[in-house]
Amino acid sequence: DGGITQSPKYLFRKEGQNVTLSCEQNLNHDAMYWYRQDPGQGLRLIYYSQIVNDFQKGDIAEGYSVSREKKESFPLTVTSAQKNPTAFYLCASSIGPYYEQYFGPGTRLTVT
Amino acid sequence: AQSVTQLGSHVSVSEGALVLLRCNYSSSVPPYLFWYVQYPNQGLQLLLKYTTGATLVKGINGFEAEFKKSETSFHLTKPSAHMSDAAEYFCAVTRAAGNKLTFGGGTRVLVKP
């Protein structure tokens, strides 16, 4: 079955800790994306990558970091510099930059 | 820059009634347009897309949307609502040679029995 997996589904952390969210795809897509979703605010782009070993900041990159060492993997680290990290995080991938995106099931991060 | 406006953050329909969700976009070049659906605590699922060609696009679950260039709109419709249509719907736009999707704020649909 082809698709995107995100783990874990729910994640709890204490304030001040870095945390890494996993995103893996087996769709052979070149492009991958990370979004943040808050109630009533739609989706906001954090980072995206169009090719291995290359990525660009999205609209709200501050306090986040990513890597793209393998085509199928695009992990997101939420650092302690992110002021309001509690949110629902969605990973997506696409064949290319202006094709439809396919989404993973999301990770709900709660920081207390 | 491109933007997407979804009119109405919440829509309530009766089971069996028409579902109409409005989406207007701004783009300086011909757009690619998408509708996604999101069920609670899940990712987004693609309902349908318009890139080129026929302006009336049919998608999954009985939904369709019509691209109207003169009105810069891409409204989503379904003739008869089902309880399972209760979800949040997102319109999104990109453009050829663009590098990311721009999403609307979403419309949450409530279906009344």
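This text follows the structure it describes.
Residues numbered from 1 in each chain as written. Chains lettered and ligands numbered in written order. Predicted model: local features only at pLDDT ≥ 70, side-chain atom pairs only at ≥ 80, totals over all residues. Heavy atoms only, no water.

Trainee: Just to check I follow, could you spell out the side chain of Gln6 of chain A for this structure?
Mentor: Residue and element names in this part refer to chain A. Here Gln6 is to be found in strand β1 (residues 4–7). Here the side chain of Gln6 touches Tyr89 through a polar contact of 3.1 Å, landing on its backbone oxygen. Within the structure, Gln6 has its side chain in polar contact with the backbone nitrogen of Gly106 (distance 2.9 Å). Those residues within four positions of Gln6 in sequence are excluded, and the remaining contacts are Ser22, Trp34, Tyr89, Leu90, Cys91, Gly104, Pro105, Gly106 and Thr107. (Helix = DSSP H or I, 4+ residues; strand = E, 2+ residues; numbered from the N terminus. Polar contact = N/O pair within 3.5 Å; in protein donor to acceptor, adjacent residues only side chain to side chain. Contact = heavy atoms within 4.5 Å.)

Trainee: What is the right way to read the pattern of salt bridges from this model?
Mentor: Oppositely charged side chains can form a pair if their charged atoms are brought close together. Summed over the entire model, instances satisfying the criterion amount to 7 salt bridges over all chains. The salt bridge involving Lys78 of chain B is made with Asp85 of chain B; its shortest N-O contact spans 2.9 Å. Between Arg108 of chain B and Glu88 of chain B there is a salt bridge, with its nearest N and O atoms 3.0 Å apart. With a gap of 20 residues between them, Arg108 of chain B in strand β11 (residues 107–112) and Glu88 of chain B in strand β9 (residues 87–95) connect regions that are remote in the sequence. Relative accessible area serves as the criterion here: at 40%, Arg108 of chain B is assigned to the partly exposed category. Look at Glu88 of chain B and you get buried, because its relative accessible area is 11%. Taken together, the shared-partner salt bridges in this structure form one network comprising Arg36, Asp38 and Arg44 of chain A. (Salt bridge = Lys/Arg side-chain N within 4 Å of Asp/Glu carboxyl O. Buried < 20%, exposed > 50% of the residue type's maximum accessible area, 1.4 Å probe, protein only.)

Trainee: What is the right way to read the sheet that holds strand β8 (residues 76–78) of chain A from this model?
Mentor: Strand pairing in a sheet relies on backbone hydrogen bonds, with the paired strands running either antiparallel or parallel. Residues and elements named next belong to chain A. Across the sheet, 4 strands lie side by side as β1-β3-β8-β7; this open sheet has antiparallel pairing. Because the sheet does not close on itself, it has two edges, and the strands there are β1 and β7 (64–66). Here the strands of the sheet are splayed against their neighbours by 20° on average, with no regard to which way each runs. With 3 bridges joining them, β7 and β8 adopt antiparallel strand pairing. Within β8, the position partnered with Val66 by the bridge is Leu76. (Pairing = 2+ DSSP bridges. Axes fitted to C-alpha atoms, helices over the stretch in contact; angles between N-to-C directions.)

Trainee: When you look at the state of the cysteines in this model, what are you seeing that I'm missing?
Mentor: As used here, a disulfide is simply a covalent bond connecting the sulfur atoms of two cysteines. Enumeration according to the criterion identifies 2 disulfides over all chains in this entry. One disulfide in the model links Cys23 of chain A with Cys91 of chain A; its S-S distance is 1.8 Å. Given an S-S torsion of about -70°, the disulfide between Cys23 of chain A and Cys91 of chain A has left-handed geometry. With Cys23 of chain A in strand β3 (residues 19–25) and Cys91 of chain A in strand β9 (residues 87–94), the pair connects residues that are 68 residues apart, well separated along the chain. Here Cys23 of chain B is linked by a disulfide to Cys91 of chain B, with a sulfur-sulfur distance of 2.0 Å. Residues Cys23 of chain B and Cys91 of chain B share a disulfide whose torsion about the S-S bond is about -65°; that sign makes it left-handed. Of this pair, Cys23 of chain B sits in strand β3 (residues 19–26) while Cys91 of chain B is found in strand β9, placing the two residues 68 residues apart along the sequence. (Disulfide = S-S within 2.5 Å.)

Trainee: Would you take a moment to explain the pairing of strand β4 (residues 31–37) of chain A for this structure?
Mentor: In regular strands, side chains alternate between the two faces of the sheet. Residues and elements named next belong to chain A. Counting buried positions along β4 yields 7 of 7 residues, so the element is predominantly enclosed. Alternating positions in β4 separate into two faces, Ala31, Tyr33, Tyr35 and Gln37 on one and Met32, Trp34 and Arg36 on the other, with burial throughout. Looking at chain direction, β4 and β9 are connected through 7 bridges and run antiparallel. Bridge assignment links Ala31 to a residue of β9, and that residue is Ser94. Both β4 and strand β5 (residues 43–51) contribute to a ladder of 6 bridges, which runs antiparallel.

Trainee: Even after reading the chapter, I still don't get the pairing of strand β5 (residues 44–50) of chain B, so can you show me in this structure?
Mentor: Residue and element names in this part refer to chain B. Sheet topology places strand β4 (residues 31–38) next to β5; 6 bridges connect them, and they run antiparallel. Considered in β5, the bridge of Leu33 is made with Tyr50. Count of turn residues in the β4/β5 antiparallel hairpin: 5 residues, of which Asn41 carries a positive phi of about 60°.

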